[in-house]
Amino acid sequence: PKGQILFKSKVEIIVETDDQINDGLLNNLELCDMPLDIHIDGKKSLSKKIYKISFKKISSRRLKINIYADGGIPIKSFIQSSYVVPNFTDLLKSECKCVQFDFKKIDVMS
């Protein structure tokens, strides 16, 4: 293919936090439908969108998150404190780690 292929993907992510998850802060995850800013080498910035997000608390320090989002979001960087703003570590106010992620569906945009 010539040029960039635009796609959206459904991803299931297992996240572990250093601290117990504050239920009040889980509401912050719903704010993730705003555009995400991805900064590359401090020079270039991309904007990606999350269209749908749902989450389920597995234990006091683990979440299962399902997102439907634009392709090209670096999943691990989106979870950990990084060059993706906002990210889960900032939203949950606890260091987060991506334990596992799985692409469930990829939709190529024409």
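Below you will find a few notes about this structure. (Residues numbered from 1 in each chain as written. Predicted model: local features only at pLDDT ≥ 70, side-chain atom pairs only at ≥ 80, totals over all residues. Heavy atoms only, no water.)

**Side note on the pairing of strand β3 (residues 44–59)**
Alright, step 1. Relative to strand β4 (residues 62–70), β3 runs antiparallel, the two sharing 8 bridges. Residue pairing in the sheet places Lys57 in a bridge with Leu63 of β4.
Alright, step 2. Between β3 and β4, which pair antiparallel one after the other, the connecting turn spans 2 residues. (Pairing = 2+ DSSP bridges. Helix = DSSP H or I, 4+ residues; strand = E, 2+ residues; numbered from the N terminus.)

**Some thoughts on the pattern of salt bridges**
Alright, step 1. Within the structure shown, the criterion is met by 5 salt bridges.
Alright, step 2. Here Glu16 and Lys97 are joined by a salt bridge, their closest N and O atoms 3.8 Å apart. In this pair, Glu16 sits in strand β1 (residues 7–17) while Lys97 sits in strand β6 (residues 96–108), placing the two residues 81 residues apart along the sequence.
Alright, step 3. Residue classification places Lys97 among the partly exposed positions, given a relative accessible area of 45%.
Alright, step 4. Linking Lys57 and Asp23 is a salt bridge whose minimum nitrogen-to-oxygen distance equals 2.8 Å. (Salt bridge = Lys/Arg side-chain N within 4 Å of Asp/Glu carboxyl O. Buried < 20%, exposed > 50% of the residue type's maximum accessible area, 1.4 Å probe, protein only.)

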